[in-house]
There are 2 protein chains.
Amino acid sequence: MHEVTGFSFASAAAGIKAGGDDCALIVSTTPAQCAGVFTRNKVIAAPLVVTRPRIAAGRCQAVLINSGNANACTGARGEEDARACAAAVARQLEIDEQLVAVASTGVIGVPLPAALLQAAVPALCGSLDDGGAAAVASAIMTTDSFNKVVSRQVVGTGGSYRLCAIAKGAGMIHPNMATMLAFVMTDAAVDDTLLQPLLKRAVDNSFNSITVDGDTSTNDMVLLLANAQAGNEVICPGSAAADEFAAAVEELLLELAKMIVRDGEGATKLVQIKVCGAVDDVQAKQAARSVATSNLVKTAFFGEDANWGRIIAAIGYADAVVVDPERIDIFFDDVQVVRDGLSTGAQLEEQAGAVLKRPEFCVRVDLHQGNGESSYYTSDLTYDYVKINADYRT
Amino acid sequence: MHEVTGFSFASAAAGIKAGGDDCALIVSTTPAQCAGVFTRNKVIAAPLVVTRPRIAAGRCQAVLINSGNANACTGARGEEDARACAAAVARQLEIDEQLVAVASTGVIGVPLPAALLQAAVPALCGSLDDGGAAAVASAIMTTDSFNKVVSRQVVGTGGSYRLCAIAKGAGMIHPNMATMLAFVMTDAAVDDTLLQPLLKRAVDNSFNSITVDGDTSTNDMVLLLANAQAGNEVICPGSAAADEFAAAVEELLLELAKMIVRDGEGATKLVQIKVCGAVDDVQAKQAARSVATSNLVKTAFFGEDANWGRIIAAIGYADAVVVDPERIDIFFDDVQVVRDGLSTGAQLEEQAGAVLKRPEFCVRVDLHQGNGESSYYTSDLTYDYVKINADYRT
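Just so it is clear, the model here is predicted, and its values are computed rather than measured. (Residues numbered from 1 in each chain as written. Chains lettered and ligands numbered in written order. Predicted model: local features only at pLDDT ≥ 70, side-chain atom pairs only at ≥ 80, totals over all residues. Heavy atoms only, no water.)

**Student:** When you look at the overall build of chain A in this model, what are you seeing that I'm missing?
**Tutor:** Helix and strand content of chain A: 11 helices and 15 strands. Relative to the 2.2 N^0.38 estimate, which gives 21 Å for 394 residues, the radius of gyration of chain A is 22 Å and therefore close to what a compact globule would have. Based on the C-alpha atoms only, the size of chain A along its principal axes is roughly 70 × 55 × 35 Å. Looking at the 394 residues of chain A, the share that counts as buried comes to 61%. Contacts in chain A between residues far apart in sequence, at least 24 positions, make up 81% of those at least 6 positions apart. Total accessible area on chain A stands at roughly 13,200 Å², and carbon and sulfur atoms take up 49% of it. (Helix = DSSP H or I, 4+ residues; strand = E, 2+ residues; numbered from the N terminus. Rg over C-alpha atoms; globule rule 2.2 N^0.38 Å. Buried < 20%, exposed > 50% of the residue type's maximum accessible area, 1.4 Å probe, protein only. Contact = heavy atoms within 4.5 Å. Areas by Shrake-Rupley, 256 points an atom, 1.4 Å probe, with all protein chains shown as cover.)

Right, dumping it as structure tokens:
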């Protein structure tokens, strides 16, 4: 784990949910530049209503996060609660409350126990630790089975800097970023105009290209904070340094995204659905999405059945994708099971069956219509998915 | 069961799949007027390629159906096989082979054992029985757990006539009509221009308003045959008799559609998702579809959890639907759990929990945006769904 200069972390048990830490705080020593991407769901949780304009204003110094309660569908009271909790952090840290972001995840429609969360703020502020990122990642888990944190040091032309990224999410995972929270901290110095478009693109290529169950939540949020403590030359748009920085952010987010799919509720496999040869990248993504979200395909993965008929059917019903069924090729890793829309025979299908026993593999579909290419990451659909989601609230 | 004058039915075991009948024949004594609705999947199975132009030509006298093999993704050979089987029926019945439709359901990508099917044709033609509709319904089942056949007598102003409708389908059920075959036979005399638009509308309001798993198959087909043997006055478009006839067809198809959802793979519940107060009917249907296809909603139904948070989230991410989260009302049957986007409290939620224990119930969502209204029928997502679909081919 690389520590990111000027960021510190804390977690605590506020008593919002039974057992273990359920709130966390991320603090920068100075107000950081920031960017955010938020859920596209029209039902927007209170913490997003409060946080979005603060991030849009361009500076953020602290992020308060809780699990166990989404503070969604909680009306005016929910927004007051979110503001009050942010204000408690601001008071304790002696900073402007507009510099405090809040994020929540958990059950929808139940008022946030704001008093419990506020009561935990002094403990959070009192235990801030430069090496506490993993503890934050643990505190914000809901149905996650492991915490998700990654870090990187970039040694570039204009100096070196570090990034650390934390995410939570296991179910309700789908574009766009369902019940998914992620926070990227970096000590890089960057130009103000760089962050927002860069984060948007990185999210599209990572969190918006994964699916566990096709649901989009009310609470999704990805924040990027850059506090310029590393002493590197300021990274400007269009420079080689900007490309390096964008690549680092995107790699970190894709790593987290794959961790989320691997941790998909009940999932036993991580499958890349790669569509190439589409008319363009948009059609490739649409086709990959259609395969990645098919329950029949996902149960076949669980059954370790190289059932390419379900894959080709999902390609065929993908909206607005140009397809010539007689030119479709399908591979499981390196094993070709379909050539020109027809089976390559029982022997290759048997070999493909062996590929499906792997915990990770790639289904590649070549449409032979152009140069469009895109990937989606998905999990298998298992008994445990049903069990987890049938039992979640009770 | 009402027998439909001039139609007879047969089923047989061709040996395409192990155990039980796997092929069936429907024959009219005279060439019947006909209409057809076919899958919108771009990967189209061979029997549809062969049958579609024949139905478009306006007359059909026999329908040969097999289960156990979809004859999809089988290339030129698949089409030859489909034509050859139809030709065998035509020869045996001494009718024009253009009057023979073929339909298949089962595994994709495996050549149709056409010789077996052709060998069964004499037995099929030799055992035609006016009362054999239920046996046909049984022979065309795949993962269905019960056969699906309904009938009705209409006594109208211009005389009486009868209708009988058969369907198969349990999984891969989704708009548009995934792995779903249905055949409607009537002895009514109807104007030639009446049938196709009438069937299209009836399918939209029935088979295209149900979902089990969100997949659309390569083989879906609904055929309507009318042989004018009842002696009623010819039913003309725009007449009261046409409305009666359309209502009868639509009711039969909706009955079959609900049977399909009730028989959804592993399903234990039939749930109507009714959205009202939408800007228009199209938006209502889009919103209902979003709820009906949510895996999180469907697992909550299985868990008998009145988890309206998942329902409101699914409403919120429905594409192109105007929603004001603070005006949404949600009911489970008569129990209101959400008013103006907020919980109505624990007591009503507990009452809603009792509704969810019912084998059939209605989730009603009122958006308060206009008069648009539409329904979708869905099932719960269960362990058995996963089991059936993980094991289906193996």
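**Student:** Is there a simple way to think about the relation of the copies chain A and chain B in this case?
**Tutor:** Two chain copies, one operation linking them: a rotation about an axis together with a shift along it. Overlaying chain A with chain B gives an RMSD of 0.0 Å, the required rotation being 180 degrees about an axis along which the chain moves by 0.0 Å. On this basis, the relationship between the two copies can be described by a two-fold rotation axis. The rotation axis passes nearest to the C-alpha of Tyr383 of chain A in chain A, at a distance of 2.6 Å. Looking at chain A, 98% of its interface residues are interface residues in chain B too, so the copies touch through the same face. (Least-squares fit on C-alpha atoms with pLDDT ≥ 70 in both.)

**Student:** What exactly am I supposed to notice about the packing of aromatic side chains here?
**Tutor:** Inspection of the entire model under this criterion finds 8 aromatic pairs over all chains. Look at Tyr161 of chain B and Phe245 of chain B: their rings are 5.7 Å apart centre to centre, the planes differ by 65 degrees, and that puts the pair in the edge-to-face class. Remark: Phe245 of chain B occurs in helix 6 (residues 240-262) and Tyr161 of chain B occurs in strand 6 (residues 159-168); sequence separation between them is 84 residues. With relative accessibility at 0%, the residue Phe245 of chain B sits in the buried group. Chaining the aromatic ring pairs together yields one cluster made of Phe301, Phe332 and Phe361 of chain A. The residue whose ring lies beneath Arg52 of chain B is Phe38 of chain B, and the NZ or CZ to ring-centre distance is 6.0 Å. (Phe/Tyr/Trp six-rings, centres within 6.5 Å; stacked < 30°, edge-to-face > 60°. Lys NZ or Arg CZ within 6 Å of the ring centre and 35° of its normal.)

**Student:** Explanation requested: the sheet that holds strand 15 (residues 372-379) of chain B in the structure shown.
**Tutor:** Two strands in a sheet stick together by hydrogen bonds in their backbones, pointing the same way (parallel) or opposite ways (antiparallel). All names here are of chain B. On the basis of which strands lie adjacent, the open sheet formed by 7 strands has the order 8-15-10-14-11-12-13 and mixed pairing. If you trace the sheet from one side to the other, it starts and ends with strand 8 (210-211) and strand 13 (342-343), each paired once. Relative to strand 15, strand 8 runs parallel, the two being bridged by 2 bridges. Residue pairing for strand 15: Thr211 is matched across the bridge by Thr378. The strands touched by helix 9 (residues 308-316) within the sheet are strand 10 (270-278), strand 11 (329-332), strand 12 (335-339), strand 13 and strand 14 (360-366), with strand 11 carrying the most contacts at an inclination of about 130 degrees. Helix-sheet contacts for helix 10 (residues 346-356) involve strand 11, strand 12, strand 13 and strand 14, and the interaxial angle to strand 12 is about 130 degrees. (Pairing = 2+ DSSP bridges. Axes fitted to C-alpha atoms, helices over the stretch in contact; angles between N-to-C directions.)

**Student:** Quick question: what am I supposed to make of the interface of chain A and chain B here?
**Tutor:** Quite often, the size of an interface is put as the accessible area lost when its parts meet. Contacts between the two partners involve 52 residues from chain A and, on the opposite side, 51 residues from chain B. Carbon and sulfur atoms supply 59% of the area that chain A and chain B bury against each other, a total of about 4,300 Å² over both sides. The interface formed by chain A and chain B includes 0 salt bridges. Applying the counting criterion to the chain A and chain B interface returns 9 residue pairs in polar contact (both at pLDDT 80 or more). Residue classes in the side of chain A that touches chain B are distributed as 23 nonpolar, 19 polar and 10 charged. (Buried area = accessible area lost by both parts, 1.4 Å probe. Salt bridge = Lys/Arg side-chain N within 4 Å of Asp/Glu carboxyl O. Polar contact = N/O pair within 3.5 Å; in protein donor to acceptor, adjacent residues only side chain to side chain. Nonpolar A, V, L, I, M, F, W, Y, C, P; charged D, E, K, R; others polar.)

**Student:** What is the right way to look at the environment of Pro237 of chain B in this model?
**Tutor:** Residues and elements named next belong to chain B. Structurally, Pro237 is set in the loop between strand 9 (221-226) and helix 6. A residue is classified by how much of its surface remains accessible, and Pro237, at 43% relative accessible area, is partly exposed. Spatially, the C-alpha atoms of Pro237 and Leu64 are 30 Å apart, while their sequence positions differ by 173 residues. Setting aside its immediate chain neighbours within four residues, Pro237 contacts Asp191, Thr193, Leu194 and Ala242.

**Student:** Would you mind going over the domain arrangement of chain A with me for this structure?
**Tutor:** Residue and element names in this part refer to chain A. Split by domain assignment, chain A resolves into domain 1 (7-262) and domain 2 (270-391). Of the residues lining the interface, 14 residues belong to domain 1; the matching set on domain 2 comes to 14 residues. Taken over both partners, the interface formed by domain 1 and domain 2 buries close to 1,200 Å², and the fraction arising from carbon and sulfur atoms is 57%. For domain 1, the biggest contributors to the area lost against domain 2 are Ser209, Thr211 and Val261; these three give 37% of the whole. Where domain 1 packs against domain 2, one counts 1 salt bridge. Note that Arg262 and Glu360 form a salt bridge whose closest N and O atoms lie 2.7 Å from each other. The interface formed by domain 1 and domain 2 includes 4 residue pairs in polar contact (both at pLDDT 80 or more). Of all the secondary structure elements, the ones that give two or more residues to the side of domain 1 that touches domain 2 are strand 8 (210-211) and helix 6 (240-262). With 4 residues, the single largest contributor to the side of domain 1 that touches domain 2 is helix 6. (Domains from an automatic or database assignment.)

**Student:** What am I meant to see in helix 3 (residues 114-126) of chain B here?
**Tutor:** Given 3.6 residues per turn, any residue in an α-helix points the same way as the ones three and four places further on. All names here are of chain B. Counted at 1.5 Å a residue, the expected span for helix 3 with its 13 residues is 18 Å, and the 19 Å between its end C-alpha atoms agrees. Within helix 3, the axis deviates most sharply at Ala120, by approximately 30 degrees, and proline Pro122 lies no more than four positions further along. Those residues of helix 3 that are buried are in contact with strand 1 (7-12), strand 2 (23-38), strand 3 (59-66) and helix 2 (75-93). (Expected span 1.5 Å × (residues − 1). Bend = angle between axes of the 7 residues up to and from the residue.)

**Student:** Sorry, what's going on with the environment of Ser343 of chain A here?
**Tutor:** Here Ser343 of chain A shows up in strand 13 (residues 342-343). Through-space distance from the C-alpha of Ser343 of chain A to that of Trp308 of chain A is 8.7 Å; in sequence the pair is 35 residues apart. Leave out the neighbours within four places in its chain, and Ser343 of chain A touches Trp308, Val337 and Glu349 of chain A together with Gly109 of chain B.

**Student:** Would you mind going over the confidence of the model for chain A with me for this structure?
**Tutor:** Note: predicted coordinates in regions of low pLDDT should not be interpreted at a detailed level. Residues and elements named next belong to chain A. Mean pLDDT over chain A works out to 91, with 95% of the residues at or above the 70 mark. Taken as a whole, residues 173-178 scores under 50 in pLDDT and shows 41 contacts with residues more than four places along the chain or in a different chain. Across the interface, the model reports ipTM at 0.76; the global pTM reads 0.81. (pLDDT = per-residue confidence, 0-100.)

**Student:** What's the story with unusual backbone geometry in this structure? I'm lost.
**Tutor:** Leaving glycine aside, a negative phi is the common case for residues, and trans is the common case for peptide bonds. Residue and element names in this part refer to chain A. Despite not being glycine, Ala228 shows a phi value in the positive range, around 60 degrees. Topologically, Ala228 is positioned in the loop between strand 9 (221-226) and helix 6. Its relative accessible area of 41% is what places Ala228 among the partly exposed residues. Backbone geometry places Glu304, a non-glycine residue, at a positive phi of 55 degrees. Tracing the backbone through its elements, the reader meets Glu304 in the loop between helix 8 (295-302) and helix 9 (308-316).

**Student:** Would you take a moment to explain the environment of Ala114 of chain A for this structure?
**Tutor:** All names here are of chain A. Its location among the elements puts Ala114 in helix 3 (residues 114-126). Along the sequence, Ala114 and Arg364 sit 250 residues apart, while their C-alpha atoms lie 48 Å from each other. Beyond its immediate chain neighbours, meaning those up to four positions away, Ala114 contacts Asp81 and Cys85.

**Student:** Sorry if this is basic, but what is going on with the packing of helix 2 (residues 75-93) of chain A against helix 3 of chain A here?
**Tutor:** Any two packed helices are characterised by how steeply their axes cross, that is the angle between the axes, and by the distance between the axes. All names here are of chain A. Interhelical geometry of helix 2 versus helix 3 gives an angle of 20 degrees and a closest axis separation of 9 Å. The orientation of helix 2 relative to helix 3 falls into the category roughly parallel. Crossing angle aside, the handedness with which helix 2 passes helix 3 is right-handed. Across from Asp81, Ala84, Cys85, Ala88, Val89, Gln92 and Leu93 in helix 2, the residues of helix 3 making contact are Ala114, Leu117, Gln118, Val121, Pro122 and Cys125. When grouped by side-chain class, the residues that make up the contact of helix 2 with helix 3 number 10 nonpolar, 2 polar and 1 charged. (Parallel < 35°, antiparallel > 145°, perpendicular 65-115°, else oblique. Left-handed = near helix turned anticlockwise from the far one by under 90°.)

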